[in-house]
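Single-letter residue listing:
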Amino acid sequence: MNSDIFKNKYKNLSNLQNEEASKKPSPISKCLNHIKVDWQKNKNVASLWQDWPKVAGEKLASNCTPLTFQAGVLTIGASHPQWLQAIMFNRNQLLAALRAEGHDIKDLRIKQYYPQKKQSKEGEKKIWSLHPSRCDVHGKKICPICKISSPAGEISLWKKCGLCRRKDLSI
Ligand SMILES: [Zn+2]
């Protein structure tokens, strides 16, 4: 009996010593391992993007895209509320599938993401670059109606300046 108590006491003591040891600052080799793990994680981000169409399926992957992968949280952007719902519905399956591919994902977040918005902004830019009112693009000409120096683009388009055209349109 007494020897058992002693054994347990000894056991507890050795456990305590192990705990103390783990509190000590980590040696350099351990730090290097952490760097290795971080590098491995970054590598996984790239492979996550690669694996995404395979895991999500073609349809879902072309409408939903991984945006960020930070601290184990993967954020997926859905192009349309309908796809947001679809991905919400498949959330657990996707999480399981990504984990099965070896991605260390703690959580999956989904948000609305509008990739078309950027495209239409570029479209607006293009329209403005060709706009007849751009003097820096088309130069200036004297309006044949009001004889005022006006954007040449307007005159070649309407045979008069924009102000004269507006007057015509308002009549
Ligand atoms: Zn005019």
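Residues numbered from 1 in each chain as written. Predicted model: local features only at pLDDT ≥ 70, side-chain atom pairs only at ≥ 80, totals over all residues.

Examining the overall build of the protein chain
When helices and strands are tallied, the protein chain shows 9 helices and 5 strands. Listing the helices and strands of the protein chain from first to last along the sequence gives α-α-α-β-β-α-α-β-α-α-β-β-α-α. Residues counted as buried form 13% of the 171 residues belonging to the protein chain. In the protein chain, once contacts between residues fewer than 6 apart in sequence are set aside, the share between residues at least 24 apart is 32%. (Helix = DSSP H or I, 4+ residues; strand = E, 2+ residues; numbered from the N terminus. Buried ≥ 20, exposed ≤ 12 C-beta atoms within 10 Å, placed from the backbone. Contact = placed C-beta atoms within 7 Å.)

So, the nonpolar core
Looking at soluble globular proteins, one finds that nonpolar side chains tend to be buried together. Trp52, Val55, Ala56, Cys64, Ile76, Ala78 and Leu94 are the most contacted members of the largest nonpolar core, which totals 13 residues. Counting residues per element, this core draws most heavily on helix α2 (residues 28–56), which supplies 4 residues. Not counting the four nearest positions on each side in its chain, cysteine 64 is found in contact with Ala56, Ile76, Gly77, Ala78, Ser79, Trp83 and Ile87. (Core = buried A, V, L, I, M, F, W, Y, C linked by C-beta atoms within 7 Å.)

Quick look at the environment of proline 66
Among the secondary structure elements, proline 66 is positioned in strand β1 (residues 64–70). Given 18 C-beta atoms within 10 Å, proline 66 falls into the partly exposed group. Placed 21 residues apart in sequence, proline 66 and valine 45 show a C-alpha to C-alpha distance of 9.7 Å. Residues within four places of proline 66 in sequence aside, it is in contact with Leu48, Trp49, Trp52, Leu74 and Ile76.

Looking at the sheet that holds β1
The 3 strands lie next to each other as β1-β2-β3, forming an open sheet whose pairing is mixed. Looking at the sheet topology across the chains shown, the edges are occupied by β1 and β3 (107–112). Taken pair by pair, the neighbouring strands of this sheet meet at an average axis angle of 25 degrees, ignoring direction. Across 6 bridges, β1 lies against strand β2 (residues 73–78) in antiparallel orientation. Of the residues in β2, the one forming a bridge with glutamine 70 is valine 73. Sheet contacts for helix α4 (residues 81–89): β1, β2 and β3; angle to β3, the most-contacted strand, approximately 165 degrees. (Pairing = 2+ DSSP bridges. Axes fitted to C-alpha atoms, helices over the stretch in contact; angles between N-to-C directions.)

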